[in-house]
Amino acid sequence: MAERMYYYTSTDTMCKILQKGDMFATNLNYMNDAQEYVNGLKEIRTLCLDEELVRKVYSENADEMNARMIEMLRNEMTEEKLHEYMETNTRYSISFCKDRDLLSQWTTYARESGVSIEMAFDMDRDVCFKFDNAAPDAEETSEIEYFARPREILYLTKGRGDDYEKTGMEVLYRMFPEGYQEGDADSKLSETWKENSVYIKQYDFYQEKEYRIAFDYMKLNVGSGRPRIDYRTDKHVIKPYLDVKCENGWPIISVMV
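Residues numbered from 1 in each chain as written. Predicted model: local features only at pLDDT ≥ 70, side-chain atom pairs only at ≥ 80, totals over all residues. Heavy atoms only, no water.

Novice: Quick question: what am I supposed to make of the pattern of salt bridges here?
Specialist: Pairs can form between side chains of opposite charge once their charged atoms are near each other. Going through the model one piece at a time under the given rule, you end up with 21 salt bridges. A salt bridge links Glu143 to Lys130, with the shortest nitrogen-to-oxygen separation between them at 3.9 Å. Of this pair, Glu143 sits in strand β6 (residues 143-148) while Lys130 sits in strand β5 (residues 127-132); the two residues are 13 residues apart in sequence, bridging distant segments of the chain. By relative accessible area, Glu143 is classed as partly exposed at 34%. Measuring nitrogen to oxygen at the nearest pair gives 3.0 Å for the salt bridge that ties Lys201 to Glu210. Taking relative accessible area as the criterion, Glu210 reaches 6% and is therefore assigned buried. By sharing partners, the salt bridges in this structure join Arg91, Glu191, Asp216 and Lys219 into a single network. (Salt bridge = Lys/Arg side-chain N within 4 Å of Asp/Glu carboxyl O. Helix = DSSP H or I, 4+ residues; strand = E, 2+ residues; numbered from the N terminus. Buried < 20%, exposed > 50% of the residue type's maximum accessible area, 1.4 Å probe, protein only.)

Rendered as structure tokens:
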């Protein structure tokens with residue numbers, strides 16, 4: 001099923017997207033809210049250590065299964081690992097909005113001369129994205145491929161908003177869609193924790209209605225090659241980004257000026 005979403009940007013950036021077919025994925029540490037990835041890590045840990053909520057989400061499982069899952073979460077989602085992951089973010093993202101005409105998005109991203117680019121993504125399958133290979137011995141035509149799809153941002157802050165428990169349950173379902181499974185410990189749980197943190201933002205930003213395509217730089221490789229990291233200046237800050245192409249072009253439908 002195709003989902004329509006909107007990319008707000010300046011007219012200059014729009015021209016580059018239309019002419020060159022590439023978009024910029026910004027390192028999450030350099031977003032407008034630099035703490036959003038950290039917020040996701042913390043909120044997911046809080047949810048996973050809430051035994052009452054975990055039991056409520058996975059009530060269809062036997063008590064023994066729930067007990068094993070709770071024990072696994074308690075053993076793996078430690079304060080030490082939280083701080084480790086906070087210091088090792090390697091993820092980049094491109095953000096979209098579900099609203100085609102949202103004032104806050106015009107103000108923040110389109111500025112004095114901007115556009116809202118409408119795109120339609122097939123949400124039933126991953127899309128192939130491509131990156132230039134930065135390896136010194138890579139062929140000029142060598143590209144790195146990565147498959148992903150947009151995911152909806154969930155807005156969650158403990159103690160804020162009326163839907164905390166409902167949203168928290170949705171986060172837990174994303175973490176463990178099939179409940180506890182043998183082998184769901186150590187590296188697998190850690191990866192799930194970090195991956196889902198990308199799609200959690202503070203409740204105060206809920207009006208953004210954001211979707212996001214995220215890329216983990218550590219998974220973007222072909223042999224010994226890695227994508228090239230470029231840098232741009234935005235509001236006097238030097239921001240690292242990845243140059244991303246979409247196979248068969250970005251699914252643009254229309255542009256609102």
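Having put the structure on the table, let's press on.
Novice: Is there a simple way to think about the pairing of strand β12 (residues 237-246) in this case?
Specialist: Along any regular strand the residues' side chains alternate between the sheet's two faces. The element β12 is largely enclosed, with a buried count of seven among its ten residues. Across five bridges, strand β2 (residues 22-27) lies against β12 in antiparallel orientation. By the bridge assignment for β12, Asp22 is matched with Lys245. Two strands pair when backbone bridges link them, and strand β11 (residues 229-234) and β12 are joined in this way by six bridges, in the antiparallel orientation. Bridged to Thr233 within β12 is Ile238. If you look at the hairpin formed by β11 and β12, you'll find two residues sitting between the two strands, and Lys235 has a positive phi there, around 55 degrees. (Pairing = 2+ DSSP bridges.)

Novice: When you look at empty space enclosed by the protein in this model, what are you seeing that I'm missing?
Specialist: In this approach a probe as big as a water molecule rolls over the atoms, and the regions it shows empty are the leftover space. Scanning the model with the defined rule gives one cavity of 30 Å³ or more in all. Its boundaries defined by the atoms lining it, the largest cavity holds a volume of some 40 Å³. Lining the largest cavity are Phe131, Asp132, Pro227, Arg228, Asp230, Leu242 and Asp243. Of all the secondary-structure elements, those providing two or more residues to the lining of the largest cavity are β5 and β12. (1 Å grid on protein atoms, 1.4 Å probe; cavity = no way out; pocket = protein on both sides within 12 Å on 5 of 7 lines; lining within 4 Å. Points joined across faces, edges and corners; volume = space filled by probe spheres on them.)

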